[in-house]
Amino acid sequence: MDPDRNSNQKPEGRLDRRTLLKSTAAVAVTSAAFAHDNASIEAKEDEQGTESPTLIVTENKRPGTTDWQLTRVRPNESKFRTSLIEGYCSHQSIAAGETLRVFASTQPALPFTLDIYRMGFYGGTGACHKGSYGPLQGTVQPVPDIGPLPGRLRECQWSPSVEITIPADWISGVYLGKLTTIPDSEHEPYWQSYVIFIVRDDRKADFLFQCSDNTWQAYNRWPANESLYTHPEGAHAPGVAVSFDRPYGQYTQIFEHPLSIGSGEFLLWEFPLAYWLEQHGYDVTYGSNLDTCRENFVQRCRSFISVGHDEYWDQTQYRAIESAMNAGTNLLWFCGNSVFIDSPFAPSSTGQDGRVISRQGCFGELRVDEMESYSALFAGLKATGPDERRIMGVRSVVPFNGGGDWTCVNPEHWLFKDTGMKNGDSIPGLVGWEHHGESDPNQTGLEVLAAGPIWSGGTREGRYEAVIFAGPKDNLIFNASTIFWAQGLASPPGHIIPWSHFSRPHGPDARVQQMTHNLLTATLK
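The numbering scheme is per chain: residues are counted from 1 as the chain's sequence reads. Local features are withheld for residues below a pLDDT of 70 in this predicted model, meaning they are given only at 70 or higher, and side-chain atom pairs are given and counted only at 80 or more; totals for whole chains, interfaces and linings count all residues. Computation of side-chain values covers all heavy atoms of the structure but excludes hydrogens and water.

Attention shifts here to the overall build of the protein. A run of DSSP states H or I qualifies as a helix once it reaches four residues; a run of E qualifies as a strand once it reaches two. Both are numbered from the N-terminal end. In terms of regular secondary structure, the protein is built from nine helices and 25 strands. Within the protein, the fraction of its 525 residues that count as buried is 61%. Sequence-distant contacts, at least 24 apart, represent 75% of the contacts inside the protein between residues at least 6 apart. With the model as given, the accessible surface of the protein reaches about 19,200 Å², and the carbon-plus-sulfur share is 49%. In this scheme, a residue with accessible area under 20% of its type's maximum is buried, one over 50% is exposed, and one in between is partly exposed, where area comes from a 1.4 Å probe on protein chains only. It only takes one pair of heavy atoms within 4.5 Å for two residues to be counted as in contact. Areas reported here follow the Shrake-Rupley algorithm with a probe of radius 1.4 Å; residue values treat only the protein chains shown as occluding.

Shown next as structure tokens:
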């Protein structure tokens, strides 16, 4: 453990409502509720709009804190939901100067506070505190009825609890809002959960970190087990829809993580990469799946990064990434089971674009034997999108989940420089819980870097392949072929190493770190 990791941590005291209200005047539900931290480092006026390779380095010199973590979490209505305090944001991503609305519900109705943190390295603490709001008056907001078949959509239409105009010095990144109730007395507990949003920019940068938030929402079971996988006609039924206008429930697919309440899957699979990139000063900017639909948003950056579990894509995203690849953008796939489900965006009931996704079909054809082996699971699933191997080099194969070791089969490749890896050497447990395989036979110059078996359910054998090939402008397309790649890079505060299919990664590994450095360095030449 880093001895300095907790050096800036302050104890999280209990505040009862009476004490806090005595010392804090009631605030209007506007950005006036915001008390912005006096930053020790002034942002340059042009940081958001021009290329600034030192922006991340400068940002991470700000004071950090581990107080971004939740302390008291209680799923009290099913194992997915906490009605004690929960919320969501009006946008997946938002730019400086725009207004974010945060919707919160407390049951029972209690006042609460909202603390905003930008996630990064910050001396090993994981976040920088950006501001506090409150006390805000909590109310019980209604759980929407489930819509008719086939969509079965639950879409909240809550009243906003606070509105925030994003300050100019909140640079691009992933932001967590920590919601904390204020109990009636010191003899009652407080409760917490998160909201999450991305601040985006339009500056040129070396790396675009795309959060896999479509997939967070696809697996979100809030409030009572409603996700894209709980349709009565089957787990892959077409037409089923989910809305971003609802809180994120606790993630429970392969393990239960209390810090996932309100934060989607970011802290599980993606934060270790963001933490590591910012630790090493890489010039990175952030965006959502919806942002990737815009070609110019992607092509302003040298490299596009997909991380973790990036399964759900709109075909507009696919075309934007294919166009970027053809224009010379590097594509770095630190992920598994990605670009698998064709999930078009649709507007909300209020007309806001991109707030609903639905399952239309899948990218590429599944083989007949694959469909037969998972006939119940894949019932109704048809190919509606292009072959994902055109932009990734590999695809989701059956069995598509399991665990295995990431085994070198091409040790002379420059990716393995300074790793010490020889042919047959393995990084234990790095492949999981979903992966890619069956490399594209039509892709000229494609090289397999790592390959081997995975074991679904601990016994059923499958196979993964990690690959690299050159794009039309000698740009690089790399696919690690595992959701767990970032587990080998860093273990930030609060992180829990996953365990699935009777297999688990071991955490940070110098070989994974060196390979990633080698790859990122190659994209900057």
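That was the structure; now back to the text.
A separate point is the nonpolar core. Here is a general trend for soluble globular proteins: nonpolar side chains tend to be buried in one another's company. Nonpolar core, defined: a set of buried Ala, Val, Leu, Ile, Met, Phe, Trp, Tyr and Cys residues in which side-chain atoms within 4.5 Å join the residues together. If you look at the biggest cluster of nonpolar residues, it comprises 81 residues, and the most contacted ones within it are Trp68, Phe266, Leu273 and Trp406. For this core, the leading source of residues is helix H4 (residues 266–279), giving eight residues. When neighbours within four sequence positions are excluded, Trp68 is seen to be in contact with Tyr117, Met119, Thr125, Gly126, Ala127, Leu176, Lys178, Tyr194, Leu259, Leu267, Phe271 and Pro493.

A pair of Phe, Tyr and Trp rings is counted when the ring centres sit within 6.5 Å of each other, with Trp represented by its six-membered ring. The angle between the planes then sorts it: under 30 degrees is stacked, over 60 is edge-to-face, the rest tilted. One pass over the structure, following the stated rule, counts 37 aromatic pairs. In textbook terms, an aromatic cluster arises when at least three aromatic residues are bridged by ring pairs, as seen for Trp68, Phe121, Trp216, Tyr248, Phe266, Phe271 and Tyr275. Across the ring face of Trp191, the terminal group of Arg72 is positioned such that the distance to the ring centre comes to 4.4 Å. Charge over a ring is defined by NZ of Lys or CZ of Arg lying within 6 Å of the ring centre and within 35 degrees of the ring normal. Lying over the aromatic face of Phe297, Arg300 brings its terminal NZ or CZ to 4.3 Å of the ring centre.

With that settled, the discussion passes to the sheet that holds strand E15 (residues 330–336). When DSSP locates at least two bridges between a pair of strands, those strands are taken to pair. Strand order in the open sheet formed by seven strands is E12-E10-E13-E15-E25-E24-E23, and the pairing between neighbours is mixed. For this open sheet the edge positions go to strand E12 (284–287) and strand E23 (447–456), each flanked by a neighbour on one side alone. Strand after strand, the sheet turns through a mean of 15° between neighbouring axes, direction not considered. As defined by bridge partners, strand E24 (residues 460–470) adjoins strand E25 (residues 476–479) across four bridges and the pair is classed as antiparallel. Following the sheet pairing, Val467 is matched in E25 by Asn479. Most of the contacts of H4 go to strand E13 (residues 301–309), to which it runs at about 145°, and overall it touches strand E10 (205–210), E12, E13 and E15. To get an axis, fit a line to the C-alpha atoms, keeping to the stretch in contact for a helix; angles then go from 0 to 180 degrees between the N-to-C directions.

So, on to helix H6 (residues 315–327). The span you would expect from a helix comes to 1.5 Å times its residue count less one. Helix length check: H6, at 13 residues, gives a terminal C-alpha distance of 18 Å against a target of 18 Å (1.5 Å per residue), a fit within 8%. Buried within H6 we find Gln315, Gln317, Tyr318, Ala320, Ile321, Glu322, Ala324 and Met325. Gly328, located one to two residues past H6, shows a positive phi value of around 115°.

We now examine the side chain of Ser172. Note that Ser172 resides in the loop between strand E7 (162–165) and strand E8 (173–181). A relative accessible area of 2% means that Ser172 is categorised as buried. We define a polar contact as two N or O atoms separated by no more than 3.5 Å, with the added condition that, inside protein, one atom must be a possible hydrogen donor and the other a possible acceptor, whereas residues neighbouring each other in sequence contribute only through side-chain atom pairs. A polar atom in the side chain of Ser172 sits 3.1 Å from the side chain of Thr285.

Our focus in this paragraph is the side chain of Arg203. Examined against the element boundaries, Arg203 turns out to sit in the loop between strand E9 (192–200) and E10. A distance of 2.8 Å separates the side chain of Arg203 from the side chain of Asp283, its partner in a polar contact. Among the polar contacts listed, one links the side chain of Arg203 to the backbone oxygen of Val284, at a separation of 3.2 Å.

Within the secondary structure layout, His129 lies in strand E6 (residues 127–137). Separated by 66 residues in sequence, His129 and Pro63 have C-alpha atoms that sit 8.1 Å apart. Side-chain polar atoms of His129 contact the backbone oxygen of Gly131, separated by 3.2 Å. Engagement of the side chain of His129 in a polar contact is seen with the side chain of Ser132, the distance being 3.3 Å.

So, on to the sheet that holds strand E4 (residues 99–106). Read across the sheet, three strands follow the order E2-E4-E7 without closing on themselves; strand pairing throughout is antiparallel. If you trace the sheet from one side to the other, it starts and ends with strand E2 (85–89) and E7, each paired once. The average undirected angle you get between the axes of adjacent strands in this sheet is 25°. Two elements, E2 and E4, share five bridges in a ladder whose sense is antiparallel. The residue bridging Tyr88 from the neighbouring strand is Phe103, located in E4.

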